[in-house]
Each structure stands twice: as C-alpha cells, then as structure tokens.
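# Report on the structure
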Amino acid sequence: MKTALILLSVLLTALPSFAAQSDPVGEKAMHDYVLTMSKVKAFGAALEATEAAVKKDPALKAEIDKSSEEPDQTFADLKARFDHHPKLYAFFEKQGLSKDDAILVPLTLMNAGSVAQYPQIAEKMKATVSSQQIAFYKEHQEELQKLKFIQGGGGE
C-alpha cells in the first residue's frame, strides 16, 4: 500500500502550501466543498485501484513520483497535475470523482479533522474549513477511522 500512500501524500502536500500562500480560489474551494461518505469511499477505492495497478505497471509509480515534483502552491497547480498526468486522474475519474473531488476530499477531511480535534485552531482555519465539514467529520468519525487510507493504508 506504499504507492497509495505516496499518491495520498502528493495530494496532501498542498495543505501547507495553501496555508502559506494567498490562494483565494483554493481557499474558497476548500471551504465550500461538500463532503459525502460516497465521495470519501470513492476516493479510498481510487487509491486502492491505483495501488493494484502499480503492482502490474511500474511505470505508473514513476508517473506518481514525477507528479510530486510539480508545483503545488495553488489549487490550480494541483488540478494541473492531473492534466499533466491523466493516468493518475483516471483512477479517480473511474470512481466518479472530479479533479476537484480528488484534491479536496483528503484536504477537507484533514482540515475538518484537525479542527474537530483541536477547536482552538478553528479561527485560524476559518477560510479553508466550514462548520458543515467539521460537523460531517464529527458525525462520521467512527466510520472514517475504519477507512484504510485514513489509517495509513490504501483504499477502503
């Protein structure tokens, strides 16, 4: 499941960039994103499918590694990664996820989980996390913790 973790970490590297950079489009996208369990589960399934494919196609791991070298300062940069590496996005697309979904599911989950666990940071993160996302995280926390990609593995 290491390749799925690499892909997930590539997506999550964006969070510090969003925090450090002024990216109003990215901040709004993160804040306004609507989390659903179907999207979360589809994201996990995409990671699991990626992992299985990498075992059969080592060139795919090279593609993941190559994508991690691209800029990640803005939401547009992250979307461009999928444009530049359509083989990677195909796993998410096959699960019915848009490029926005593939980027925002892990980021909004991480933000919502952070604020749910540390409410004192809510004010600092208000531009990128909504009360609805925090409520979603709290409501589904037990189910979310059972997902392999959240536990540190691949898909569901």
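Conventions adopted
Residues numbered from 1 in each chain as written. Predicted model: local features only at pLDDT ≥ 70, side-chain atom pairs only at ≥ 80, totals over all residues. Heavy atoms only, no water. Helix = DSSP H or I, 4+ residues; strand = E, 2+ residues; numbered from the N terminus. Buried < 20%, exposed > 50% of the residue type's maximum accessible area, 1.4 Å probe, protein only. Contact = heavy atoms within 4.5 Å. Salt bridge = Lys/Arg side-chain N within 4 Å of Asp/Glu carboxyl O. Core = buried A, V, L, I, M, F, W, Y, C linked by side-chain atoms within 4.5 Å. Arc of directions from axis to C-beta.

Within the protein chain, the regular secondary structure consists of ten helices and zero strands. Ordered by position from the N terminus, the helices and strands of the protein chain form the series α-α-α-α-α-α-α-α-α-α. When the 156 residues of the protein chain are sorted by exposure, 46% land in the buried category. Long-range pairs, those at least 24 residues apart, make up 69% of the contacts in the protein chain between residues at least 6 apart in sequence.

Counting across every chain of the model gives eight salt bridges. Glutamate 143 is the partner of lysine 41 in a salt bridge, and the nearest nitrogen-oxygen pair spans 3.0 Å. Here lysine 41, found in helix α4 (residues 37–56), pairs with glutamate 143, found in helix α9 (residues 131–145); they are 102 residues apart in sequence, far enough to count as distant. Assessed through its relative accessible area of 30%, lysine 41 is described here as partly exposed. In this structure glutamate 143 comes out as partly exposed when scored by relative accessible area, which is 32%. A salt bridge links aspartate 83 to lysine 99; the shortest N-O distance between them is 2.3 Å. Within this pair, whereas aspartate 83 is found in helix α6 (residues 75–84), its partner lysine 99 is found in helix α8 (residues 99–117), the two being separated by 16 residues in sequence.

Here the focus is the nonpolar core. Counting 38 residues, the largest nonpolar core has Val40, Phe92, Leu109 and Leu144 as the members making the most contacts within it. At the level of elements, α4, α5 (58–67), α6, α7 (86–94), α8 and α9 are the ones that each hand at least two residues to this core. For this core, the leading source of residues is α8, giving nine residues. In contact with leucine 109, not counting residues within four places along its chain, are Leu35, Val40, Leu104, Phe136, Tyr137, Leu144, Phe149 and Ile150.

Before going further, it helps to examine α7. Listing the buried residues of α7 in full gives Leu88, Tyr89, Phe91 and Phe92. Around the axis of α7, the buried residues are gathered within 145 degrees of arc, so they sit on the same side. Turned more than 90 degrees off the buried face of α7, the exposed positions are Pro86, Lys87 and Lys94. Positive backbone phi, at 85 degrees, marks glycine 96, one or two positions downstream of α7.

What follows covers the environment of glutamine 151. Take glutamine 151: it is sitting in helix α10 (residues 148–151). In contact with glutamine 151, not counting residues within four places along its chain, are Gln145 and Lys146.

Its place among the elements puts glycine 44 in helix α4. Separated by 48 residues in the primary sequence, glycine 44 and phenylalanine 92 place their C-alpha atoms 9.3 Å from one another.

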